[in-house]
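# Geometric and topological summary
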Amino acid sequence: MEQVTDHLLAAARKVIAVHINYPSRAAQRGRTPEQPSYFLKPSSSLALSGSTVERPAGCELLGYEGEIALIIGKPARRVGVEDAWSHVEWVTASNDLGVYDLRYADKGSNLRSKGGDGFTPVGPGLIAADAVDPAGLRIRTWHNGDLVQDDTTGDLLFPFARLVADLSQLLTLEEGDIILTGTPAGASVAKPGDVVEVEVSAVEVSTESTTAGRAASGPSTGRLVTRVEEGTTAFADFGARPRTDDIQREEAYGSREAAGLAAVEAAAVGHVLTPELKAKLESVCTATLSSQLRKRGLNNVSIDGLSSTRPDKRIVGLARTLRYVPNREDLFKTHGGGFNAQKKAIDSVNEGEILVMEARGEKGTGTIGDILALRAQVRGAAAIITDGGVRDFSAVAAMDMPTYYSNPHPAVLGRRHIPWDTDITIACGGTTVQPGDIIVADADGILVIPPTLAEELADDSIAQEREEVFIADMVQQGHSVDGLYPLNTEWRAKYEEWEAGTK
């Protein structure tokens, strides 16, 4: 079998990578793209098996992603899907390495985070493309000897021929160009001293014995070996410096648990909004809660003027907040792109929480669309509330998670908004919302409940609704509401007698 050589790497003029292509990775990321999307890696990032890759000085999160690499054998320009595979000469293993610490500075290009020297090792062996079925390949990755990725190409979102044909619509794929075809779930972080190995092999479907229903049957690339070492040269102060947070750690490792992070927000929910308190609040209407808040002098605690995609649902959860400020073009350039405040808020919302957005009641653009709403739903958000517009309305409205909104609108953020900050005190729908406030919403409206009042408010609301059951029963029997609603002394005595008899 032929091997990847320095000569072959030197022939690669372009390295093109696909963002998401495996269903397992799409599920992990919480988004399934309708069409493939790509980014470029410099050819100087290519390296051979057995090479050492440097985790840059000051960086914490060197992510690895085992992938199948396609090497173009003859130029492809505007080729059809049926002919595209004939333009691929070789298949090999690759490792799409990158530092999450520099993601914030890339605005989606991945140049800093994934373009470093040695960040695209490929090899060691080459498999002839015409000798294998592109839908019958297996990708496996080992981290310090432990198998961490194992998937096949049988159910890719975008089969390899489609990738080649799609790319060739706009650019010429030249001989030697390399296409990285996406990674399955299981990608994680490597540290100095670690060894990452990737192997691609051909498989055949088997009806016997094997648990996964497949067995290795054809050629293999052998294991692509990459060793990680610590960089010693610090970044200069004239460029972006490494920066990370728990959101990036979760992304790099695949989950908060894998990253060794405590579920801080979830713990807060459990402390403030216990299952017992949540059940109480779910059992009463917002109209009842509103009257109890009013008795306590709280009149400005409703988020007004919004519609719901799921008015049949009653929602209770802790508020997380996101603030948009009016668009200013120079500030949008620095705050609007990349992993901005909007995406950070979506990617950090946790099970049972409600993301509340301050959009100043501005109706002339969207503040959330289908992909980010889906990400929030996958993360377990109870609802999204925005006093601005919603894009991709039909898709958002079809989700099980409710979204409360001012109006549908097709325009993107940059028309009117800059995503500015998260988990701060905001204004939404005419009231103030703080992170950790309890939000209760149903068909009657949306209430913001101070956590310190929630327990007594719930108990008094339950008692009030119990009285109203009795009152409704009496009205049904023909009694006048005079003295009955609200209960006077005589009727209260009758209510207490009724209450004792129904326990």
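Above this text sits the structure in question.
The text that follows walks through the structure, step by step, so that each part is easy to find. (Residues numbered from 1 in each chain as written. Predicted model: local features only at pLDDT ≥ 70, side-chain atom pairs only at ≥ 80, totals over all residues. Heavy atoms only, no water.)

### Considerations on the pairing of strand S29 (residues 438-442)
- With 5 of 5 residues buried, S29 is to be regarded as a mostly interior element.
- Burial of the side chains of S29 extends over both faces: Ile-438, Val-440 and Asp-442 are buried on one face and Ile-439 and Ala-441 on the other.
- With 4 bridges connecting them, strand S19 (residues 315-326) and S29 associate as antiparallel partners. What sits directly across from Ile-315, in S29, is Ala-441.
- Looking at chain direction, S29 and strand S30 (residues 445-449) are connected through 5 bridges and run antiparallel. Bridge pairing in S30 places Asp-442 opposite Gly-445.
- From the end of S29 to the start of S30, which pair antiparallel, there are 2 residues. (Buried < 20%, exposed > 50% of the residue type's maximum accessible area, 1.4 Å probe, protein only. Helix = DSSP H or I, 4+ residues; strand = E, 2+ residues; numbered from the N terminus. Pairing = 2+ DSSP bridges.)

### Digging into the environment of Arg-162
- Among the structural elements, Arg-162 can be located in helix H5 (residues 160-168).
- Each C-alpha atom, one on Arg-162 and one on Pro-36, is 9.2 Å from the other, the two residues being 126 residues apart in sequence.
- With near-sequence residues (within four places) excluded, Arg-162 lies in contact with Glu-34, Gln-35, Pro-36, Val-81 and Leu-157. (Contact = heavy atoms within 4.5 Å.)

### Here's the deal with the sheet that holds strand S23 (residues 389-390)
- Pairing is parallel in the open sheet, where 3 strands are placed in the order S21-S23-S25. This sheet does not close on itself; its edge strands, each paired only once, are strand S21 (366-368) and strand S25 (407-408).
- Relative to S25, S23 runs parallel, the two being bridged by 2 bridges. Across the sheet, residue Gly-389 finds its bridge partner in S25, namely Asn-407.

### Quick word on the packing of aromatic side chains
- Under the definition given, this model contains 6 aromatic pairs.
- Ring centres of Trp-85 and Phe-160 lie 6.3 Å apart, and the angle between their planes is 20°; this geometry places the pair in the stacked category. Placement of the pair is Trp-85 in the loop between helix H3 (81-84) and strand S7 (88-95) and Phe-160 in helix H5, with a sequence separation of 75 residues.
- What makes Trp-85 buried here is its relative accessible area of 15%.
- Chaining the aromatic ring pairs together yields one cluster made of Phe-470, Trp-491, Tyr-495 and Trp-498.
- The ring of Tyr-104 carries the charged tip of Arg-243 above its face, separated from the ring centre by 3.8 Å.
- Over the ring of Trp-491 we find Lys-494, and its NZ or CZ is 4.5 Å from the ring centre. (Phe/Tyr/Trp six-rings, centres within 6.5 Å; stacked < 30°, edge-to-face > 60°. Lys NZ or Arg CZ within 6 Å of the ring centre and 35° of its normal.)

### Here we look at unusual backbone geometry
- At the junction of Gly-123 and Pro-124, the peptide bond is cis and its omega measures out at -5° in the coordinates.
- For Pro-124, the position within the fold is in strand S9 (residues 120-128).
- Here the bond from Tyr-485 into Pro-486 is cis, since omega is 5°, no more than 30 degrees from zero.
- Among the secondary structure elements, Pro-486 is positioned in the loop between helix H14 (454-476) and helix H15 (489-502).
- Positive phi values are uncommon outside glycine, yet Asn-110 reaches one of about 70°.
- Along the chain, Asn-110 turns up in the loop between strand S8 (98-99) and helix H4 (111-114).
- Its identity is not glycine, yet Arg-360 carries a phi of approximately 65°, on the positive side.
- Locating Arg-360 in the fold gives a position in the loop between strand S20 (354-358) and S21.

### Considerations on the sheet that holds strand S2 (residues 38-41)
- On the basis of which strands lie adjacent, the open sheet formed by 7 strands has the order S2-S1-S12-S6-S7-S9-S3 and mixed pairing. Edge positions in the open sheet fall to S2 and strand S3 (46-47), since each of these has one partner strand only.
- One ladder, built from 3 bridges, connects strand S1 (residues 15-18) with strand S12 (residues 178-180); its direction is parallel. The partner of Val-15 across the bridge, within S12, is Ile-178.

### Quick word on the pairing of strand S4 (residues 51-55)
- Alternating positions in S4 separate cleanly, Ser-51, Val-53 and Arg-55 being buried on one face and Thr-52 and Glu-54 remaining unburied on the opposite face.
- Pairing between S4 and strand S16 (residues 224-230): 5 bridges, direction parallel. Residue Arg-55 lies in a different strand from S16, and its bridge partner there is Glu-230.

### Some remarks on a negative patch on the surface
- Side chains of Glu-2, Glu-89, Asp-130 and Glu-175 sit close together on the surface and give a patch of like negative charge.
- By the element assignment, Glu-175 lies in the loop between H5 and S12.
- Judged by relative accessible area, which is 53%, Glu-175 ranks as exposed. (Patch = residues over 30% accessible without salt bridge, like charges linked within 9 Å, V, L, I, M, F, W, Y side chains within 5 Å. Areas by Shrake-Rupley, 256 points an atom, 1.4 Å probe, with all protein chains shown as cover. Salt bridge = Lys/Arg side-chain N within 4 Å of Asp/Glu carboxyl O. Lys, Arg positive; Asp, Glu negative; His and termini not counted. Charge placed at Lys NZ, Arg CZ, Asp CG, Glu CD.)

### Considering a nonpolar patch on the surface
- Together, Val-475, Val-481 and Tyr-485 give the surface a local cluster of nonpolar side chains, amounting to about 280 Å² of exposed area.
- As for its position among the elements, Tyr-485 is in the loop between H14 and H15.

### Let's talk about the nonpolar core
- By size, the foremost hydrophobic cluster in this structure holds 32 residues, and its most contacted members are Ile-68, Leu-70, Trp-85, Val-91, Phe-160, Val-164 and Leu-173.
- Taken together, the elements giving at least two residues each to this core come down to S1, strand S6 (66-72), S7, strand S10 (137-143), H5 and strand S14 (195-205).
- The contact partners of Trp-85, leaving out residues within four places of it in the chain, are Leu-70, Val-91, Ala-129, Val-132, Pro-134, Phe-160 and Ala-161.
- Within the second largest apolar cluster, 21 residues are counted, among which are Leu-355, Ala-376, Val-390 and Leu-413. (Core = buried A, V, L, I, M, F, W, Y, C linked by side-chain atoms within 4.5 Å.)

### So, the packing of helix H9 (residues 286-295) against H14
- Contact geometry of H9 with H14 gives a least axis separation of 9 Å together with a crossing angle of 120°. The orientation of H9 with respect to H14, classified from their angle, is oblique. Crossing of H9 over H14 shows right-handed handedness. Counted together, Thr-288, Leu-289, Ser-291, Gln-292, Leu-293 and Lys-295 of H9 and Leu-457, Asp-460, Ser-461, Gln-464, Glu-465 and Glu-468 of H14 form the full contact between these two elements.
- Residue classes in the contact of H9 with H14 are distributed as 3 nonpolar, 5 polar and 4 charged. (Axes fitted to C-alpha atoms, helices over the stretch in contact; angles between N-to-C directions. Parallel < 35°, antiparallel > 145°, perpendicular 65-115°, else oblique. Left-handed = near helix turned anticlockwise from the far one by under 90°. Nonpolar A, V, L, I, M, F, W, Y, C, P; charged D, E, K, R; others polar.)

### Section: helix H11 (residues 341-348)
- In terms of burial, H11 is a largely internal element, 6 of the 8 residues being buried.
- Those residues of H11 that sit buried are Ala-341, Gln-342, Ala-345, Ile-346, Asp-347 and Ser-348.
- Sitting at the amino-terminal end of H11 is Asn-340, which places a side-chain oxygen 3.1 Å from the backbone nitrogen of Gln-342. (Polar contact = N/O pair within 3.5 Å; in protein donor to acceptor, adjacent residues only side chain to side chain.)

Function-wise, these values are silent; they only describe arrangement.
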